[in-house]
Amino acid sequence: MSNSGIVTGATIELDTIRLAKYTGGKNALVAQGGGQRGIFTSGVLDAFLLSNFDPFDVFYGTSAGALNLCGFLCRQKGIGRAFILDLTTDPMFFNLFRYIRRKQHLGIDWAVDKISDYPYKLDIDMGRKVLADRKAFAAVTDTSRLFDHYLPMLQDDWRKVMIATCAIPRLYNQAVEFEHGIYVDGGVSASIPVQEAWRKEARCIIVIRTEGEDLETEVEEEMRNDNTQWYRGSFNLVQERWQQKLSSWKQDWASFFTEQLQRSKEEKLRHVHLEALNGGRWLFGAEDIYRLSYLLGEKFDSGLADMLMVHYQTYSLTQDFLHNPPDDCFIVQIKPARPLLSSSLMSEREALLHDYQMGLDAGFRFVEMYASVSTRITSHFHHS
């Protein structure tokens, strides 16, 4: 029996009896990014707050997922929704024509400043009290080796950490420098930081996704079958193997992207609201980054190609991990029942409100399911 499952606003597909065996240990909450699609996550977390639900020991988020987790920990229902609905739709955050004319980059700094002040006023002090002895981390990508790295959230440098996890290459104007490294968007190397939660001994892992159906990826057969290294070894070892292949990838990356661009175009014909090549785990997919580079008159250089390659391959491995986790943990994905109406950026207000409601529905359904599992555990101990 599989120790993974899915919860949407419409269905529950998991073995609750099996799940109950894993909830007594270390519980982790993981939030994927996805730009404005993160409003689905806002809905899930607001459902948690309305239900007074927080059985988690550790938190991991990437990009918009990390921002949403901040609002959850600060116990401010609606602040994640407001960040996306009010601030990321403002021309001060992003204006395509100004961006193309090199007049404006992604306004992460502006948005973080706005959410920190009235009328929003993210209550970081409350977040620290709520977190207490627990831990919360934002995923970033180390630019020197393109490895995932995890920065503690809600500390004195919380603003800088939020900017780093959202610093999408090409859209944000620079990498973010700390004493311990220089980082860009965590979506490059850890779109869904579920492996890190498992590496740090979380055994019941709840993952909030911002996409419906999984994307087809092509993981090498040797990686699929090498369970010992994949499950028991450091994920860095796997990444090192991909790093060793980068030189050969570079020789053929042009044909690789030609194939992926064609696939993306075909998907656009089938879906009005495209799940981009990387499912919105970056704000833009490969096709959009390529096109924007062309509009800007910039070379689509090997550095960006490396990032896209690492992203594509590590996400492929992550997808396998989600559906086939090791025996010592249980993973539940909370995800949309169908593709979200919103895009990664420049979404319509009606689409965002629709997707927020989808998140609320999924969040309430998960809380109800989890409560039944907890009741079963309590009943078991009473009868023992």
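Residues numbered from 1 in each chain as written. Predicted model: local features only at pLDDT ≥ 70, side-chain atom pairs only at ≥ 80, totals over all residues. Heavy atoms only, no water.

Q: Could you give an account of the packing of aromatic side chains, naming the residues involved and the relevant values?
A: Following the criterion strictly, the structure yields 15 aromatic pairs and no others. For the pair Phe59 and Phe72, a centre-to-centre distance of 6.3 Å together with 55° between the ring planes defines the contact as tilted. Here Phe59, found in strand 4 (residues 58-62), pairs with Phe72, found in helix 3 (residues 64-73); they are 13 residues apart in sequence, far enough to count as distant. The exposure class assigned to Phe59 is buried, which follows from its relative accessible area of 0%. Connected via pairs of aromatic rings, a cluster forms that spans Phe48, Phe53, Phe56, Phe59, Phe72, Phe366 and Tyr370. Above the ring of Phe178, the side-chain terminus of Lys160 is found at 4.6 Å from the ring centroid. (Phe/Tyr/Trp six-rings, centres within 6.5 Å; stacked < 30°, edge-to-face > 60°. Helix = DSSP H or I, 4+ residues; strand = E, 2+ residues; numbered from the N terminus. Buried < 20%, exposed > 50% of the residue type's maximum accessible area, 1.4 Å probe, protein only. Lys NZ or Arg CZ within 6 Å of the ring centre and 35° of its normal.)

Q: A description of the packing of helix 2 (residues 39-50) against helix 3 should follow, citing residues and the corresponding values.
A: Interaxial distance between helix 2 and helix 3 falls to 10 Å at its minimum, and their mutual angle equals 15°. The angle between helix 2 and helix 3 falls in the class roughly parallel. At the point where helix 2 passes helix 3, the crossing takes the right-handed sense. Of the residues in helix 3, those touching helix 2 at Thr41, Ser42, Leu45, Phe48 and Leu49 are Asn68, Leu69 and Phe72. Tallied by class, the residues present in the contact of helix 2 with helix 3 amount to five nonpolar, three polar and no charged. (Axes fitted to C-alpha atoms, helices over the stretch in contact; angles between N-to-C directions. Parallel < 35°, antiparallel > 145°, perpendicular 65-115°, else oblique. Left-handed = near helix turned anticlockwise from the far one by under 90°. Contact = heavy atoms within 4.5 Å. Nonpolar A, V, L, I, M, F, W, Y, C, P; charged D, E, K, R; others polar.)

Q: Now, about the nonpolar core: what can you tell me, with residues and values included?
A: By size, the foremost hydrophobic cluster in this structure holds 78 residues, and its most contacted members are Leu29, Phe48, Phe59, Met153, Met162 and Phe366. If you tally residues by element for this core, the top one is helix 15 (residues 349-383), at 10 residues. Discounting chain neighbours no more than four positions away, the residues touching Met162 are Ala66, Leu67, Cys70, Val112, Ala138 and Met153. Listed in part, the 20 residues of the second largest apolar core include Phe137, Tyr150, Val194 and Trp198. (Core = buried A, V, L, I, M, F, W, Y, C linked by side-chain atoms within 4.5 Å.)

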